[in-house]
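Residues per chain, in single letters:
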Amino acid sequence: MAQENKIAIVNSSSFGRIFNHHLKRLEKMGSVSRFEFDSAIPGQELAEALKGYNMIIASVTPFFTSDFFEHKDELKLITRHGIGFNNIDLEAAKKHGTLVSIVPPLVERDAVAENNVTNLLALMRRTLESAAEVKKGGWENRAEFVGSGLCGKTVGVIGVGNTGSRVVEILHYGFRCDVLGVDPNKTALEINTFGGKKVELDELLERSEVICLCASLNEANYHLISKERIDKMKQGAYLSNSARGALVDEAAIIEAIENGKLAGYATDVLEVEPGSSDHLFLNYPNIVVTPHTSAYTMECLEGMGEVCVSDCEAVIEGRLPNRPVQSVSPYVTE
Ligand SMILES: NC(=O)C1=CN([C@@H]2O[C@H](COP(=O)(O)OP(=O)(O)OC[C@H]3O[C@@H](n4cnc5c(N)ncnc54)[C@H](OP(=O)(O)O)[C@@H]3O)[C@@H](O)[C@H]2O)C=CC1
Ligand SMILES: O=C(O)C(=O)CO
């Protein structure tokens, strides 16, 4: 039985770290191989490369398209080392009989919220610029690095889910911010529980001095932060994105940074990842880019690894992963 299982760990270069005790548990289940694929690898090619593998531990790339599932031999499980079903065609997975899972919400909540706020503070307080200046021997130039404070600001949080609700709490209770929240399916009471006020998107854009983007990506919100929406923002607003790069129109961000409409943009995510070393964002001191490392804390990576490994164990034992259903593909479990 154990020899029949072949587990592929895909694009683990972006996992941050896989702990040895997790690898050992995987190796007890069957053979384990690591693969690195280009994020745009065609589905059929991906299916051929993963022939014979019946379980996949997957990163945020590559895309498991319908073409992938059409050409894939047996595949029991894709367990995402992270949150977000958006690189997996769930309907095609269902037809193929593949269970798809993501890590349960609480595993990444603190780490991602911390990163959204950390990047925001680094941007507003100009931490990276001033620290780099000190390393160049420029301590005496400190007057060049006057930043902007976060305490007491009006902050808009777009997407008040697991991460967004934690960001609301941190900003409201920790920074005395007046927090406005937009999330289509969350009630005013739910948002209020965390310390925020539910508003419509236009009001959030018009009133916020700082905006935190924490929404999940879907077909309807591609380039949610467009030129038109940036035009509605306050002059000199700050924006922090820990969710997905494609939620913003990157060209519109650059235009707004150039003309001063945005005072700065902090992002952990780019529309095309991995980000290239000549990405235009890297030319601006008031754009902070981190390499999709929101989940990279020892605590969070331990939790993510645990979930992926226990999902493989569950599938081998013929049961569903033992955790909240919202982190298992609804198309497979319904
Ligand atoms: N940088 C990183 O390392 C990480 C990034 N992420 C990304 O962050 C995203 C958010 O994570 P998490 O909070 O756990 O996910 P959740 O699904 O808990 O929260 C996302 C929320 O955004 C809402 N939403 C969707 N579209 C819009 C919109 N147009 N306007 C306002 N709200 C919207 C969703 O509503 P509904 O559910 O009703 O659609 C949901 O309530 C993930 O989907 C993932 O893409 C997650 C973990 C790590
Ligand atoms: O969980 C995710 O979707 C990520 O973005 C990385 O952990």
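Here the structure is a predicted model, which means the values were calculated and not measured.

What counts, and at which threshold
- Residues numbered from 1 in each chain as written.
- Chains lettered and ligands numbered in written order.
- Predicted model: local features only at pLDDT ≥ 70, side-chain atom pairs only at ≥ 80, totals over all residues.
- Heavy atoms only, no water.
- Buried < 20%, exposed > 50% of the residue type's maximum accessible area, 1.4 Å probe, protein only.
- Helix = DSSP H or I, 4+ residues; strand = E, 2+ residues; numbered from the N terminus.
- Pairing = 2+ DSSP bridges.
- Right-handed = clockwise from strand over helix to strand, strands pointing away.
- Axes fitted to C-alpha atoms, helices over the stretch in contact; angles between N-to-C directions.
- UniProt positions renumbered as here; feature names shortened; annotations may be inferred.
- Domains from an automatic or database assignment.
- Contact = heavy atoms within 4.5 Å.
- Buried area = accessible area lost by both parts, 1.4 Å probe.
- Salt bridge = Lys/Arg side-chain N within 4 Å of Asp/Glu carboxyl O.
- Nonpolar A, V, L, I, M, F, W, Y, C, P; charged D, E, K, R; others polar.
- Expected span 1.5 Å × (residues − 1).

## A closer look at the pairing of strand β9 (residues 210-213)
Here β9 shows two buried faces, one formed by Val210 and Cys212 and the other by Ile211 and Leu213. Two elements, β9 and strand β10 (residues 237-241), share four bridges in a ladder whose sense is parallel. Within β10, the residue paired with Val210 across the bridge is Tyr238. For the crossover from β9 across helix α10 (residues 227-232) to β10, the handedness is right-handed.

## Topic: the sheet that holds strand β1 (residues 6-10)
Read across the open sheet, the five strands follow the order β2-β1-β3-β4-β5; overall the sheet is parallel. Strands at the two margins of the open sheet, each flanked by one partner only, are β2 (31-35) and β5 (99-101). On average, adjacent strands in this sheet sit at an angle of 15° to one another, irrespective of strand direction. Examined bridge by bridge, strand β3 (residues 55-58) and strand β4 (residues 77-80) share four bridges and lie parallel to one another.

## Brief notes about the UniProt feature "domain: D-isomer specific 2-hydroxyacid dehydrogenase NAD-binding" (unreviewed entry) in the chain
Per the UniProt record, "domain: D-isomer specific 2-hydroxyacid dehydrogenase NAD-binding" (unreviewed entry) is found at residues 118-294. From the first C-alpha to the last, residues 118-294 spans 10 Å; its make-up is 33% helix and 18% strand.

## Brief notes about the domain arrangement of the chain
Quite often, the size of an interface is put as the accessible area lost when its parts meet. According to the domain assignment, the chain consists of domain 1 (2-104 + 297-326) and domain 2 (106-289). A C-alpha centroid distance of 31 Å is found between domain 1 and domain 2. At the junction of the two partners, domain 1 supplies 15 residues and domain 2 supplies eight residues. Of the roughly 830 Å² buried at the junction of domain 1 and domain 2 (both faces included), carbon and sulfur atoms supply 56%. On inspection of domain 1 and its partner domain 2, the count reaches zero salt bridges. With four residues, the top contributor of residues to the side of domain 1 that touches domain 2 is helix α12 (residues 298-316). Classifying every residue of the side of domain 1 that touches domain 2 by side-chain character gives seven nonpolar, seven polar and one charged.

## Comments concerning the pattern of salt bridges
Evaluated as defined, the whole model comprises 15 salt bridges. Among the salt bridges present, the one from Arg166 reaches Glu169, with a minimum N-O distance of 2.7 Å. Of the two residues, Arg166 and Glu169 are both situated in helix α7 (residues 162-175); the distance of three residues between them amounts to about one turn of the helix. The exposure class of Glu169 is partly exposed, given its relative accessible area of 21%. One salt-bridge network, in which partners are shared between bridges, spans Asp178, Lys197, Glu203 and Arg207.

## Considering the side chain of Ser226
Along the chain, Ser226 falls in the loop between β9 and α10. If sequence neighbours within four positions are ignored, Ser226 has contacts with Asp249 and Ala252.

## A closer look at α12
Its 19 residues give α12 an end-to-end C-alpha distance of 27 Å, which sits within 8% of 27 Å, the value for a rise of 1.5 Å per residue. Restricting attention to buried positions, one finds in α12 the residues Cys300, Leu301, Gly303, Met304, Gly305, Val307, Cys308, Val309, Asp311, Cys312, Ala314 and Val315. Lining the buried residues of α12 we find α1 (20-29), β3, β4, β5 and α5 (105-124). Of the residues one or two after α12, Gly318 is the one with positive phi, at around 75°.

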